[in-house]
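# Secondary and tertiary structure notes
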Amino acid sequence: MQRVRYSQNCTDLGTRWNPSVSKCVPCDFKPGHRVSPNCGYDDEGGKHELYFQPCPNNTFNDGSSASCHPCTVCPPGFSPLAPCTSTTDTRCTTTPSPKNDTGRSDPTPTTTSPPQTFPNVLLAVQLVVLCLVLFAVCLVCVRRKRALSVGKGLFGRKRLRTTEAGFEVNGTEEDTLDSAIVSAPIQTVLNDLDVLEDLMILLDPETQGVKNTKHLASHCGFSSAWITYAYSMRDCKSPLKAVLEGITSRQPDWTVGDLVKMLRLMERNDAISMLSRLRPDGTNVCNV
């Protein structure tokens, strides 16, 4: 559509006649608008229309020219990043968009996510902690197996020495102890370090199906909280030693015979056999 020219002196529609200088001067520009022909004025200064007119649909003017320009249409395979407005042109992606399942280009631009380093570090820390926990569990299991092995071997040797000393051990019958041992105070066990150590090896470990120091403490009236605490301090002090010390403090009149009764209730004749090595008179027997 040809635009009407209002000035006879100015053939450029983007200029108007200025009588004061007797020459054509450029019209001002405005973003989002086009300039009316000859700024809307004739040569005598008569106004025929508004100085600026809004840009029509699908056109724009960023304020750098007198006219509006058609909006850019993105080529096939390229998606618009920003739509065309009255003051800005369309912005398209610089690379083709990936195609979706229907074979059409995805209208959304592809973006590359930055590498997620923090989750990787967190995963590595968790793996290290898990390995340390597993190592600690394995170490505890190995130590327990070694303790049980030592206890079994030591117990076998003590049974032999007990038999040689004249005390016959029978795993299916109740053991018979010397009356002096039976009537001796519990402190006698604490004083005999060899017997005490062997009893700790036998009774302190927690073996499935075998009654241990926990059961002895329960028979002697110790609370479950006390027993749990005693075992929590196992690395510093034997639970069996703590139980025997507690008995001597609570029941000073208890004898080895009372301890034997508790061990018989627990069916721990092996521990009773160890008590046969006690020497109430304080003497020690040297094995040659």
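It should be emphasised that the depicted structure is a prediction, and the values quoted were computed from it without experimental measurement.

To continue, consider the nonpolar core. With 33 residues, the main nonpolar core has Val189, Leu244 and Leu275 as its most contacted residues. Elements with a contribution of two residues or more to this core: α3 (187–191), α4 (193–203), α5 (213–219), α6 (224–232), α7 (239–250), α8 (256–265) and α9 (269–275). Beyond its immediate stretch of four places on either side in the chain, leucine 275 contacts Leu177, Ile181, Val189, Leu199, Val256, Leu259, Val260 and Leu263. Counting five residues, the second-largest nonpolar core is a separate cluster that includes Cys27, Cys39, Tyr51 and Ala66.

With that out of the way, let us pick up the UniProt feature "repeat: TNFR-Cys" (unreviewed entry) in the protein chain. Under the local residue numbering, the UniProt record ascribes the feature "repeat: TNFR-Cys" (unreviewed entry) to residues 54–92. Span residues 54–92 is 0% helix and 26% strand, its end C-alpha atoms 24 Å apart.

What follows covers α4. Of the positions making up α4, those classed as buried are Val195, Leu196, Asp198, Leu199, Leu202 and Leu203. Taken down its axis, α4 places every buried residue within 165° of arc, on the same side. Opposite the packed face of α4, turned more than 90 degrees from it, sit the exposed residues Leu193 and Asp194.

Time to look at the packing of aromatic side chains. Using the criterion set out here, one finds two aromatic pairs in the structure. Aromatic pair tyrosine 51 and phenylalanine 52: ring centres 4.6 Å apart, planes at 50°, arrangement tilted. Overall, tyrosine 51 belongs to the buried group, its relative accessible area being 19%. Residue phenylalanine 52 is classed as partly exposed on the basis of its relative accessible area, which comes to 22%.

Considering the arrangement of structural elements, one finds aspartate 42 in the loop between β3 (33–35) and β4 (52–54). For the buried residue aspartate 42, which engages in no salt bridge, the nearest side chain bearing the opposite charge is arginine 16, 9.2 Å off. At 3.0 Å, the side chain of aspartate 42 and the backbone nitrogen of glycine 45 are in polar contact.

Before going further, it helps to examine the pattern of salt bridges. Scanning all chains against the criterion turns up four salt bridges. A salt bridge links glutamate 206 to lysine 214; its shortest N-O distance comes to 2.7 Å. Looking at lysine 214, the relative accessible area reads 30%, which means it is partly exposed. Note that aspartate 270 and arginine 268 form a salt bridge whose closest N and O atoms lie 2.9 Å from each other. Among the residues examined, aspartate 270 registers a relative accessible area of 18% and is labelled buried.

We now examine a nonpolar patch on the surface. Where nonpolar side chains cluster on the molecular surface, the patch consists of Val121, Val125, Val129, Val133 and Val137 and spans about 400 Å² of accessible area. Inspection of the secondary structure assignment puts valine 137 in helix α1 (residues 117–164).

Now for the state of the cysteines. Put plainly, two cysteines are in a disulfide when a covalent bond ties their sulfur atoms together. According to the stated counting rule, one finds five disulfides in the structure shown. Paired through a disulfide, cysteine 71 and cysteine 84 show a sulfur-sulfur distance of 1.9 Å. Its torsion about the S-S bond being -60°, the disulfide of cysteine 71 and cysteine 84 is classed as left-handed. On the criterion of sequence distance, the pair formed by cysteine 71 in the loop between β6 (69–70) and β7 (80–82) and cysteine 84 in the loop between β7 and β8 (91–92) is long-range, its members being 13 residues apart. The connectivity of the disulfide-linked cysteines in the protein chain, indexed sequentially, is 1-2, 3-4, 5-6, 7-9, 8-10.

Bringing the confidence of the model for the protein chain into the picture now. For the protein chain, the mean per-residue pLDDT works out to 82, and 79% of the residues sit at or above 70. Taken element by element, the protein chain is modelled with least confidence in α1, mean pLDDT 69, and with most confidence in strand β5 (residues 59–60), mean pLDDT 96.

Across four bridges, the pairing between strand β1 (residues 15–18) and strand β2 (residues 23–26) is antiparallel. Of the residues in β2, the one forming a bridge with threonine 15 is proline 26. Where β1 folds back onto β2 in an antiparallel hairpin, the turn is made up of four residues, including serine 22, whose phi is positive at roughly 55°.

The rules behind the values
Each chain carries its own residue numbering, running from 1 in the written order of its sequence. In view of the model being predicted, local features appear only for residues whose pLDDT reaches at least 70, and side-chain atom pairs are presented and counted only at 80 or more, with totals across whole chains, interfaces and linings using the full set of residues. With hydrogens and water excluded, all non-hydrogen atoms of the structure serve as input to the side-chain values. For our purposes a nonpolar core is just a set of buried Ala, Val, Leu, Ile, Met, Phe, Trp, Tyr and Cys residues, chained together by side-chain atoms within 4.5 Å. Per-residue accessibility, obtained with a 1.4 Å probe over protein chains only, is compared with the maximum for each type, and a residue is labelled buried under 20%, exposed over 50%, and partly exposed between these values. Secondary structure elements are defined from DSSP: runs of H or I of at least 4 residues count as helices, runs of E of at least 2 residues count as strands, and each element is numbered from the N terminus. Here, residues are in contact when the closest pair of their heavy atoms is within 4.5 Å. UniProt positions are given in the numbering used here, feature names are shortened, and annotations may be inferred rather than shown by experiment. The reported arc concerns the directions from the helix axis to the C-beta atoms and nothing else. When the centres of two rings from Phe, Tyr and Trp lie within 6.5 Å, Trp using its six-membered ring, the rings pair. Their planes under 30 degrees apart give stacked, over 60 give edge-to-face, and anything left gives tilted. We score Asp and Glu as negative and Lys and Arg as positive, and we do not count His or the chain ends. Throughout this description, the term salt bridge denotes a Lys or Arg side-chain nitrogen within 4 Å of a carboxyl oxygen of Asp or Glu. The term polar contact refers here to a pair of N or O atoms within 3.5 Å; inside protein, the definition further demands a hydrogen-donor-capable atom paired with an acceptor-capable atom, and it admits residues adjacent in sequence only when both atoms are side-chain atoms. Only residues whose relative accessible area exceeds 30% and that form no salt bridge are eligible for patches; like-charged ones are grouped when within 9 Å, while nonpolar side chains (Val, Leu, Ile, Met, Phe, Trp, Tyr) are grouped when within 5 Å. A 1.4 Å probe and the Shrake-Rupley method give the accessible areas. Residues count as covered only by the protein chains that appear here. Only a pair of cysteine sulfur atoms within 2.5 Å qualifies as a disulfide here. pLDDT gives the predictor's per-residue confidence on a scale running from 0 to 100. Any two strands between which DSSP finds at least two bridges are classified as paired.

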